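Secondary and tertiary structure notes
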Amino acid sequence: YELFSACQVEAAQWINENTDADSVFLTSNNHNNAVSSLTGRNIVLGTDSYLYYHGLDTSQRYEDVQAMFTQPGALESLSGRYNIDYVYVGSFERGIEGFDESLFESLSVVFQNEEVTLYQLS
């Protein structure tokens, strides 16, 4: 069983070496999130199953994350609310229904391998 792929580990190493410890990443909300697990960096929303059962409502944040990966203009209008510095795009993000990587074309690619692309917001 592989929890993180070699490409995810490589991306995490780049994040550790090239981003500030308080950087915020837009990622999918999968429970085995490479950014939060391997780097300790903040993400906009991790898995909400634990939070839900402890009375925390993450539904608006979930909707915002989905919108930023699927709807034109959503990243621009919502990134400030969450202080997003980077967008992490890997297999989980590409699996989001309606995912559109062209939404990030105007952003700088700061890291890329066969699986992961990291975009930096200016």
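See the structure printed just above.
Residues numbered from 1 in each chain as written. Predicted model: local features only at pLDDT ≥ 70, side-chain atom pairs only at ≥ 80, totals over all residues. Heavy atoms only, no water.

A separate point is the pattern of salt bridges. Counting across every chain of the model gives two salt bridges. Salt-bridge contacts for Asp64 lead to Arg81; the nearest nitrogen and oxygen are separated by 2.8 Å. Here Asp64, found in helix H4 (residues 59-70), pairs with Arg81, found in helix H5 (residues 74-82); they are 17 residues apart in sequence, far enough to count as distant. The class of Arg81 is exposed, set by a relative accessible area of 53%. (Salt bridge = Lys/Arg side-chain N within 4 Å of Asp/Glu carboxyl O. Helix = DSSP H or I, 4+ residues; strand = E, 2+ residues; numbered from the N terminus. Buried < 20%, exposed > 50% of the residue type's maximum accessible area, 1.4 Å probe, protein only.)

Let us look at the environment of Leu26. Within the secondary structure, Leu26 sits in strand E1 (residues 24-26). The exposure class assigned to Leu26 is buried, which follows from its relative accessible area of 0%. Considering only alpha carbons, one finds Leu26 and Gly46, 20 residues apart in sequence, at a separation of 9.8 Å. Leu26 has contacts with Val44, Val65, Met68, Phe69, Leu75, Ile84, Tyr86, Val87 and Tyr88, leaving out every residue within four places of it along the chain. (Contact = heavy atoms within 4.5 Å.)

Let's shift gears to the packing of aromatic side chains. Scanning the model with the defined rule gives seven aromatic pairs in all. Each ring, one from Tyr52 and one from Tyr53, has its centre 5.0 Å from the other, and the planes form 85°; the classification is edge-to-face. As far as burial versus exposure is concerned, Tyr52 and Tyr53 are alike and both exposed. Measuring from ring centre to ring centre gives 5.9 Å for Phe69 and Phe104, while their planes differ by 80°; the resulting arrangement is edge-to-face. (Phe/Tyr/Trp six-rings, centres within 6.5 Å; stacked < 30°, edge-to-face > 60°.)

Attention now goes to the nonpolar core. It is characteristic of soluble globular proteins that their nonpolar side chains tend to be buried jointly. Counting residues in hydrophobic clusters, the biggest one holds 22 residues, and the most contacted among them are Leu26, Met68, Phe69, Leu75, Ile84, Val87 and Phe104. Only E1, H4, H5 and strand E3 (86-89) provide two or more residues apiece to this core. Sequence-distant contacts of Ile84, defined by excluding residues within four places in its chain, comprise Val24, Leu26, Val44, Met68, Leu75, Ser79 and Leu121. In this structure, Phe4, Ile43, Tyr88 and Leu118 belong to the second largest nonpolar core, which totals 13 residues. (Core = buried A, V, L, I, M, F, W, Y, C linked by side-chain atoms within 4.5 Å.)

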